[in-house]
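# Structural overview for review
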Amino acid sequence: MSVAKSFAISLLGLAGTLIEIEAEISSNLPSFVLVGLPDASLSESKDRVRAAIQNSSLKMPARRVTVNLSPASVPKQGASFDLSIAVAILAATSEISHHSVRNFIHLGELGLDGSVRSVAGVLPSLLSAKSLGFSRAIVPAANLAEAKLVSDIEVIGVHSLAEVANVHGANLVIREPEQIAATVLEPNLAENSNLENLDISDILGQADAIRALTVAAAGGHHLLMVGPPGAGKTMLAERLPTLLPNLPLAQALETTAVLSIADHRRSAVVALNGLVERPPFEAPHHSASVSSLVGGGVGLPRPGLISTANNGVLFLDEAPEFQLPVLEALRQPLESGEVLINRSAGTARFPAKFQLVLAANPCPCGRSFGQARGCTCSEVAKRKYANKLSGPLLDRIDIRLAISAANAGQMALDLEAAQENQMTSKQLRQQVQCARELAADRLSATPWSLNVQVPGSYLRKQLRLATEVTQPIDRALAKGKISMRGYDRCLRLAWSIADLAGCDQPRREHIVEAAYLRGSDSPMVGV
Ligand SMILES: [Zn+2]
């Protein structure tokens, strides 16, 4: 056999295309040619494949080797084709069975010593392979936890090319795993494990803010906190994910798939831990660029932080300090729950259903609260600062909360009460879970499952409440004290508050609390 083929998957975003790898051995002078739109990183694969074959007690043919990756029009990037190229060559020289090779999808990067290293995007690749009718795959052992998330596909995890050759009928002596170079670089998990230890009961003297976070968690509402530096806005935002229930399987798979192709650190965490069940939390610095937030990359499109925060929380601290194009770029994903990224290699669609939490100081210097003592900002500077958060972005924010620094007396009281009745994240998370189930039942005949997704017209018509219940906001609307959008936000929040209380409909007191949480139409003024 001088021609053989193997199969791999090329990803564009989360969508995979089947790539057929043909290897041909001809009797010309020894050389190694790779054709079919390979990028620079893929061209280096020639050297890795040659060395890996030679160092695995296998024979690299001393003739002309031509490897063609088709379809040629599909862009291919990265090192994950190494393994499929190597097995195609070995099958063409009859070192291994070419029948066996064709039944598998092969994913993996090769080390020069013949080891198989972890690659990004194993989960989305195998989901694509399954939909293309493949039922078997060979993946790096380091990616096995991630690969096993795909049901109905038999996965073999391997440490070395020799192990792969044995799967396909070779009979090589396998070296002990410790003799093979480490196949996974230990990711830095410190960042995540710190977040796992957070609890809402760490926060003292902010009962109102904790209540607002709980309502936000129940309905998936976006949230703005305005308050002076040191009021604990970041502490609060970091603890919102602790109030959110575990992700349902479909969402967990979607989140895991995005993280698996996001960047080296995130994909290594996924490879190691498998399914991401907890909602992710992303908190970019205010110097972040549009492409780091929304997505971008050179050549192939890569997901940004709004997509790695998919089904979780995106926190923008000091939100008015972000560049205006960054804030504007959030509007469309907030509307549609996804983002399209165009790059030279093609257009990718990434999910971006995140819960947005914004924090802002009341003015650029941060001292304009209460008596505004020591604030040095000019009126123009204050207005410019506040205006960055105006308009269409704020329209999507249901909860606008003024936060003041907790006073020492209240903290002392809370400390006393802490042992007795301060709720922990776990307790609140259970309430949130029950509230979400009530909402999902009510909305089961609609495309929505969370209150945040329900449009105003549906709230006013299909979910119409008795006039004696809505009277407080009806009156405010008639007097022009709130806008129509503000009115809808009150209704939306009232449903989340009622769901938390276990009521089948909002009552008057729920409307009143909603009107408080809704805050003002211009939340940056008058804090
Ligand atoms: Zn100021």
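## Focus on empty space enclosed by the protein
In this approach, a probe sized like a water molecule rolls over the atoms, and the result shows the empty space that is left. As enumerated under the stated definition, the model contains one cavity of 30 Å³ or more in all. The space that makes up the largest cavity amounts to roughly 30 Å³. Every residue lining the largest cavity is listed: Ser10, Leu11, Leu12, Thr17, Val74, Pro75 and Leu300. Counting residues per element, the lining of the largest cavity draws most heavily on strand β1 (residues 3-12), which supplies three residues. For the lining of the largest cavity, a count of residues per class yields five nonpolar, two polar and no charged.

## What to know about the domain arrangement of the protein chain
As assigned here, the protein chain comprises domain 1 (3-179) and domain 2 (192-244 + 279-518). The centre of domain 1, based on its C-alpha atoms, is set 46 Å off from the matching centre of domain 2. Listed as interface residues are six residues of domain 1 and, on the opposing side, nine residues of domain 2. Viewed at the interface, domain 2 and domain 1 are joined by zero salt bridges. Between domain 1 and domain 2 we count zero residue pairs in polar contact (both at pLDDT 80 or more) in total. Grouping the constituent residues of the side of domain 1 that touches domain 2 by class yields four nonpolar, two polar and no charged.

## Points about the confidence of the model for the protein chain
Taken as a whole, the protein chain shows an average pLDDT of 88; of its residues, 91% reach a score of 70 or greater. When mean pLDDT is compared element by element in the protein chain, strand β14 (residues 313-316) scores highest at 97, while helix α8 (residues 190-196) scores lowest at 57.

## Some points on the pattern of salt bridges
This model, assessed by the stated rule, comprises 20 salt bridges. Glu335 is paired through a salt bridge with Arg396; the nearest N and O atoms lie 3.1 Å apart. You can see Glu335 sitting in helix α16 (residues 331-336) and its partner Arg396 sitting in the loop between α18 (392-395) and β18 (399-402), a full 61 residues away along the chain. Here Arg460 makes a salt bridge to Asp488, at a shortest N to O gap of 2.7 Å. Pair noted here: Arg460 is in helix α21 (residues 456-460) and Asp488 is in helix α23 (residues 484-501), with a separation of 28 residues, a long-range link. The class for Asp488 is buried, based on a relative accessible area of 9%. Here the salt bridges do not stand alone but share partners, grouping Asp202, Glu238 and Arg239 into one network.

## Section: the coordination of the zinc ion
For the zinc ion, the protein coordination sphere consists of Cys363 (SG), Cys365 (SG), Cys375 (SG) and Cys377 (SG), at 2.2 to 2.3 Å. Between consecutive donor residues of the zinc ion, the sequence gaps follow C-x1-C-x9-C-x1-C. Judged by relative accessible area, which is 18%, Cys377 ranks as buried.

## Description of the packing of aromatic side chains
Taken as a whole and judged by the stated rule, the model has three aromatic pairs. Judged by centre distance (6.3 Å) and plane angle (25 degrees), the rings of Phe281 and Phe315 are stacked. Of this pair, Phe281 sits in strand β11 (residues 281-282) while Phe315 sits in strand β14, placing them 34 residues apart in sequence. Grouping residues by exposure puts Phe281 and Phe315 together as buried.

## Details of the layout of surface pockets
Counted as a void, the largest pocket has a volume near 1,100 Å³. Breaking the lining of the largest pocket down by element, the ones donating at least two residues are α11 (249-262), α16, α18, α20 (425-442) and α23. Along the lines of polarity and charge, the residues of the lining of the largest pocket split into 16 nonpolar, 13 polar and twelve charged.

## Topic: the side chain of Ser307
Here Ser307 lies in helix α14 (residues 305-308). Not counting residues within four places of it along the chain, the set of residues in contact with Ser307 comprises Val258, Val339, Phe350, Pro351 and Ala352.

## Considerations on the sheet that holds strand β10 (residues 223-226)
Read from one edge to the other, the open sheet built from five strands follows the order β11-β14-β17-β10-β18, with strand pairing classed as parallel. Both outer strands of the open sheet, β11 and β18, are each paired with one neighbouring strand and no more. Of the strand pairs in this sheet, β10 and β18 are connected by four bridges, and their pairing is parallel. Pairing of Met225 across the sheet is with Leu401, part of β18.

## Re the environment of Arg460
Here Arg460 falls in the partly exposed class, since its relative accessible area comes to 28%. In this structure, the C-alpha to C-alpha distance between Arg460 and Val33, residues 427 residues apart in sequence, is 66 Å. With residues near it in sequence (within four places) discarded, Arg460 still touches Met484, Tyr487, Asp488 and Leu491.

## Section: the nonpolar core
In a soluble, globular protein the nonpolar side chains are often hidden away together inside. Leu236, Val357, Ile399 and Leu517 are the most contacted members of the largest nonpolar core, which has 50 residues in total. Aside from chain neighbours lying at most four places away, what touches Leu517 is Ala212, Val215, Asp398, Ile399, Arg400, Leu401, Leu493 and Ile497. Counting 49 residues, the second largest nonpolar core, distinct from the first, contains Val150, Leu334, Ala348 and Leu358.

## Details of the packing of helix α9 (residues 207-219) against helix α10 (residues 233-243)
Between α9 and α10, the shortest axis-to-axis distance is 10 Å and the interhelical angle comes to 45 degrees. Relative to α10, α9 is oriented oblique. In terms of crossing hand, the pair formed by α9 and α10 is right-handed. For the pair formed by α9 and α10, the contact residues are Ala209, Ile210, Leu213, Thr214 and Ala217 on the first element and Leu236, Leu240 and Leu243 on the second. By residue class, the composition of the contact of α9 with α10 is seven nonpolar, one polar and no charged.

About the cut-offs
- The residue count restarts for each chain, going from 1 along the sequence in the order it is written.
- Owing to the predicted nature of the model, reporting of local features is limited to residues with pLDDT of at least 70; listing and counting of side-chain atom pairs is limited to 80 or more, with chain, interface and lining totals taken over all residues.
- The side-chain figures draw on all heavy atoms in the structure; neither hydrogens nor water molecules are used.
- Cavities and pockets were defined on a 1 Å grid built over protein atoms only: a cavity is a set of grid points that admits a 1.4 Å probe from which the probe cannot escape, a pocket is an open set flanked by protein on both sides within 12 Å along at least five of seven lines, and lining residues are those with an atom within 4 Å of any such point.
- Grid points are joined across faces, edges and corners, and a volume is the space filled by probe spheres set on the points.
- The helix and strand labels rest on DSSP assignments: H or I over at least four residues marks a helix, E over at least two residues marks a strand, and numbering proceeds from the N terminus.
- Note that Gly is not counted as nonpolar here; it falls among the polar residues with everything else outside the nonpolar set of Ala, Val, Leu, Ile, Met, Phe, Trp, Tyr, Cys and Pro and the charged set of Asp, Glu, Lys and Arg.
- Domain start and stop positions are those given by an automatic or database domain assignment.
- Residues count as neighbours in contact if any of their non-hydrogen atoms are within 4.5 Å of one another.
- Salt bridge, as used here, is a side-chain nitrogen of Lys or Arg placed within 4 Å of a carboxyl oxygen of Asp or Glu.
- Identification of polar contacts relies on pairs of N or O atoms within 3.5 Å, with a donor-acceptor requirement for protein atoms, meaning one able to donate a hydrogen and the other able to accept it, and with residues adjacent in sequence counted only if both atoms are side-chain atoms.
- Confidence of the predictor at the level of single residues is given by pLDDT, which spans 0 to 100.
- Throughout, exposure labels follow a simple rule: accessible area from a 1.4 Å probe, protein chains only, divided by the maximum for the residue type, with under 20% read as buried, over 50% as exposed, and the rest as partly exposed.
- Only nitrogen, oxygen and sulfur atoms qualify as donors, provided they sit within 2.8 Å of the metal or within 3.2 Å for Na, K and Ca; with water excluded from the atoms, sites may seem incomplete.
- Planes of paired rings set the category: under 30 degrees apart is stacked, over 60 is edge-to-face and the rest tilted, where pairs are Phe, Tyr or Trp rings (Trp by its six-membered ring) whose centres lie within 6.5 Å.
- Following DSSP output, two strands are said to pair if at least two bridges run between them.
- Definition used in this section: a nonpolar core is a set of buried Ala, Val, Leu, Ile, Met, Phe, Trp, Tyr and Cys residues joined via side-chain atoms within 4.5 Å.
- In this analysis, axes come from line fits to C-alpha atoms, helices being fitted only over the stretch in contact, and the angle between any two N-to-C directions falls in the range 0 to 180 degrees.
- Small angles under 35 degrees read as roughly parallel and large ones over 145 as roughly antiparallel, with 65 to 115 read as roughly perpendicular and the rest as oblique.
- Note: crossing handedness is left-handed where the near helix turns anticlockwise from the far helix by less than a right angle, and right-handed where it turns clockwise.

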